[in-house]
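Descriptive analysis of the structure
Residues per chain, in single letters:
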Amino acid sequence: MEHHIVLRVVAKLLIPVILLFALYVQFHGDYGPGGGFQAGVIFGAGLILYALIFGLQTIKKVVTPSFVHYMSGVGLLLYAGVGVISLFKGGNYLDYSFLSADPVHGQHLGILLIELGVGITVAFVMVSLFYAFAGYRQADLKVPPDTGHEATEKARDAVLEREPQ
Amino acid sequence: MISAHLPALQVVIPLLAAPACVVVRQSTLTWLLALLVSWISFAIALTLLVQTFFNGPMSYELGGWAAPLGIEYAVDVVNAFVLVIVSGVSSVVLISAKESIERETHIKRTHLVYTGWLLCLTGLLGITITGDVFNVFVFLEIASLSSYLLVSLGPDRRALTAAFQYLVMGTIGATFILIGVGLLYMMTGTLNMADLAQRIPGVAQTTTVRAGFAFLVLGISLKAAVFPLHYWLPNAYTFAPSAVTAFMAGSATKVSIYLLLRFFFDIFSETFSLRTMRLDLILLILGVIAIFSMSLVAIYQSNVKRMLAYSSVAQVGYMVIGISLATTTGLTAGIVHLFNHALMKCALFLALGCIVFRLNSVDLKDLAGVGRRMPWTMAAFVIGGLSLIGVPATVGFISKWYLVLAALERDWWWLAFMVVASSLLAVIYIWRVVETAYFKTGPVANTEEAPLILLVPTWVLIVANIYFGVSAVDTISFATRAADQLLSTF
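Note that the structure is predicted; figures quoted are calculated from it, not measured. (Residues numbered from 1 in each chain as written. Chains lettered and ligands numbered in written order. Predicted model: local features only at pLDDT ≥ 70, side-chain atom pairs only at ≥ 80, totals over all residues.)

Comments concerning the overall build of chain B
In plain terms, the rule: Starting at the N terminus, helices and strands are each numbered in turn, a helix being any DSSP run of H or I of at least four residues and a strand any DSSP run of E of at least two. C-alpha atoms define the radius of gyration in this analysis, and the globule rule sets the expected value at 2.2 Å times the number of residues to the power 0.38. Exposure in this text rests on C-beta crowding, where 20 or more other C-beta atoms within 10 Å of a residue's own make it buried, 12 or fewer make it exposed, and counts in between make it partly exposed. The C-beta atoms are placed from the backbone.
Along chain B, the regular secondary structure elements total 20 helices and two strands. Scaling as 2.2 N^0.38, a compact globule of 490 residues should have a C-alpha radius of gyration of about 23 Å, and chain B matches this with 21 Å. Structurally, chain B occupies a C-alpha span of about 70 × 55 × 40 Å along its principal axes. For chain B, the residues scored as buried account for 61% of the 490 residues in total.

Below, the structure written as structure tokens:
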């Protein structure tokens, strides 16, 4: 990637803007076009662009695969959790009106939180899909078949553990 | 009042637990979480069944939006009965899942099995409980996607192709369902099941509604593995981890059959779906072909798991025949067979799970002499097999009995004869296993009996097979009530 200087400079300039724009789409979704899914895709695309230009290993230092898996669970937990909170506050499941003393404010808060949940999950599921495909050539082609026997198990572990070159 | 929120909790609790599994990641903890959540779901489902049986249907407005516009969860005896089947199967199988999954799946991926399992459970319970046809599609996708994942985590590489095959067929099915729902929405402007049932008669004679109906029937039949659309099932069942096969065999196709019932009898009327569209004839013919051809194919399988998979397609044939008769007895036979088949197939696949655990194979030739080395496992297999054949004092007998009664009610002696004759084919394929396991000697000399944690759930189901076969009053009364309710329109 040494000689793609234009790509690298432009990407460095663009990526912060892309991520910022994702947040704008996320939180302005109540009033304009946008929302969690679109924002998540834009955010994920920003991270993927970084990985494409600077390499898989560089991004994995900051956004580790386990963090990616973790966050894709957290988003869904946030979504479903908001529903449970409205249950505890005496409303039906996902009835945002009960989230706050003022029903209108409650509706605002509810949609904001669940869209955030959607955004987090979508962004990190995108990245995790990218990791799975981008890491495939390096890691998975040489993995011996998973037969359940102990000998091959060790060989599999060795390959799966190894960081891609 | 917590009981008013039970319909939501039925789906929400496993939905919350699934991402929690991804966050926790530790194999044993995720298993414990999945087990706990599944049993809670089972308890909720039982409560819902009792409540709907005595107090009539329940309705829950999700998000506080009233029914025709918002999503409604509508619980009545029919779907409460299916909820009990699905969550019950999941709870019992999960007990044995830990040992079996750890054996068959890479340790780094075991938490994914439980995540997929819980998502699949969420999806299946959601399909069953919801009263909104678009919501059905959403939950169907949740259940399907997670079951592709579950199949792909099987012990050898062929699981990947099996999962891909399942994905292609399943996606076609789901797309057809979506097109069907879209066409209905276009004509009626509503997605709520009860609302649809009221509006469809007015537009029932249009080509659009008929096309929508055709798409829905094809899509759901594909998911239910109704005879010529069963192509995905044998591979998926054969190559999935044993515990997953047991879970899927007891739940996934059952939920699809339930959907067929719901669409045929509640959303479209019985007269439209069975008489006008002539599905009574089509389903009857397909059902009869299924019970014979699939049992014959099962006889020639060398892999026991695959043999039982083909037998599952044959058993779906019995349910379809019950539906096609469209009488109270016929539907009762179909619905009670949902429950009974879940019990027997699940028990049989769990017994196979025990065998895989010790022998690492379910090829018929490797099972020679296993009856002496693993007496409890094979005894369970034999009783499960008897139940599959339909021997009196097992649940299989109850299903066949009601099916034969329903055929006789219409004076269709030939059908009664065919049901009995096809059971004889089941005798052949079960006997092949029994013969190999007990009367042949083979190289399994130093195999031990399976561990208790695998045997206990298997035997719980076997005892249930006998218990509900001897005193079938409860299951029959639930099934009859469900059948009556389906036949009386909204």
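Quick notes on the overall build of chain A
Selection criterion: With C-beta atoms placed from the backbone, a contact is any residue pair whose C-beta atoms sit within 7 Å.
Summing up its helical and strand segments, chain A has seven helices and zero strands in all. Going residue by residue from the N terminus, the α and β elements of chain A occur as α-α-α-α-α-α-α. The buried share of chain A, taken over its 165 residues, is 30%. Sequence separation of 24 or more characterises 61% of the internal contacts of chain A that already satisfy a separation of 6 or more.

Considerations on the interface of chain B and chain A
Going by this rule: Each residue is assigned to one class: nonpolar for Ala, Val, Leu, Ile, Met, Phe, Trp, Tyr, Cys and Pro, charged for Asp, Glu, Lys and Arg, and polar for all the others, Gly among them.
The interface is formed by 22 residues belonging to chain B together with 23 residues belonging to chain A. Of all elements in the fold, only helix H1 (6-24), strand S1 (58-61) and helix H3 (77-104) of chain B reach the threshold of two or more residues within the side of chain B that touches chain A. Per-element tally for the side of chain B that touches chain A: the top contributor is H1 of chain B, with eight residues. Per-class residue counts for the side of chain B that touches chain A are 11 nonpolar, five polar and six charged.

Digging into helix H10 (residues 242-267) of chain B
All names here are of chain B. Where we set the bar: Take the number of residues in a helix, subtract one, and multiply by 1.5 Å to get its expected span. A residue's bend is given by the angle between axes fitted to the 7 residues ending at it and the 7 residues starting at it.
Its 26 residues place the ends of H10 36 Å apart at the C-alpha level, agreeing with the 38 Å of an ideal helix rising 1.5 Å per residue. Most pronounced at Met 248, the bend in H10 amounts to some 40°. Burial analysis of H10 places 26 of its 26 residues in the buried class, the great majority of the element.

Digging into the nonpolar core
Residues and elements named next belong to chain B. So the rule is basically this: Only buried residues count toward a nonpolar core: Ala, Val, Leu, Ile, Met, Phe, Trp, Tyr and Cys, linked into one set through C-beta atoms within 7 Å.
Counting 225 residues, the largest nonpolar core has Val 151 and Cys 346 as the members making the most contacts within it. If one sorts the elements of this core by residue count, helix H14 (residues 328-359) sits on top with 19 residues. The residues contacting Cys 346, other than those within four sequence positions of it, are Val 89, Val 93, Ala 246, Ala 249, Gly 250 and Leu 461.

Section: the confidence of the model for chain B
Heads up, the rule is: For every residue, the predictor assigns a confidence score, pLDDT, that lies between 0 and 100.
Confidence in the prediction for chain B averages 89 pLDDT; 99% of positions are at 70 or higher. Across the assembled chains, the prediction reports ipTM 0.80 with pTM 0.90.

Section: the environment of Gly 117 of chain A
Residues and elements named next belong to chain A. Its place among the elements puts Gly 117 in helix H5 (residues 103-134). Note on Gly 117: 22 C-beta atoms within 10 Å, which makes it buried. Between the alpha carbons of Gly 117 and Ala 80 there is a distance of 8.7 Å; along the sequence they are 37 residues apart. Apart from residues no more than four positions distant in its own chain, Gly 117 is found in contact with Gly 75, Leu 76, Leu 78 and Tyr 79.

Observations regarding the confidence of the model for chain A
Residues at a pLDDT of 70 or more form 81% of chain A, whose mean pLDDT is 82. Predicted confidence in chain A is weakest over helix H7 (residues 150-161) of chain A, with a mean pLDDT of 57, and strongest over helix H2 (residues 36-54) of chain A, with 93.

Points about the packing of H2 of chain A against H5 of chain A
Residues and elements named next belong to chain A. What counts, and what does not: Axis definition: a line fit to C-alpha positions, over the contact stretch in the case of helices; interaxial angles, taken between N-to-C directions, run 0 to 180 degrees. It is the rotation of the near helix from the far one that decides the hand of a crossing: anticlockwise by less than a right angle makes it left-handed, clockwise makes it right-handed.
In the contact formed by H2 and H5, the axes pass within 7 Å of each other and the chain directions differ by 35°. Like other packed secondary-structure pairs, H2 and H5 cross with a definite hand, here right-handed. Across the interface between the two elements, Gly 36, Phe 37, Ala 39, Gly 40, Val 41, Phe 43, Gly 44, Leu 47, Ile 48 and Ala 51 of H2 pack against Glu 115, Leu 116, Val 118, Gly 119, Thr 121, Val 122, Ala 123, Met 126, Val 127, Phe 130 and Ala 134 of H5. Of the residues belonging to the contact of H2 with H5, the class tally is 15 nonpolar, five polar and one charged.

Details of the environment of Phe 272 of chain B
All names here are of chain B. For Phe 272, the position within the fold is in helix H11 (residues 270-276). Judged by the 19 C-beta atoms lying within 10 Å of it, Phe 272 falls in the partly exposed class. Not counting chain neighbours up to four residues away, the residues in contact with Phe 272 comprise Ala 204 and Met 277.

Comments concerning the environment of Leu 116 of chain A
Residues and elements named next belong to chain A. Relative to the helices and strands, Leu 116 is located in helix H5. Separated by 34 residues in the primary sequence, Leu 116 and Val 82 have C-alpha atoms spaced 11 Å apart. Not counting the four nearest positions on each side in its chain, Leu 116 is found in contact with Gln 26, Gly 36 and Leu 78.

Some points on unusual backbone geometry
All names here are of chain B. Even without a glycine there, the phi angle at Ala 225 is positive, about 60°. Within the fold, Ala 225 resides in the loop between helix H8 (207-224) and helix H9 (233-239). With a phi close to 65°, Asn 360 is a non-glycine residue in the positive phi region. Accessibility expressed as a C-beta count within 10 Å gives 14 for Asn 360, which makes it partly exposed.

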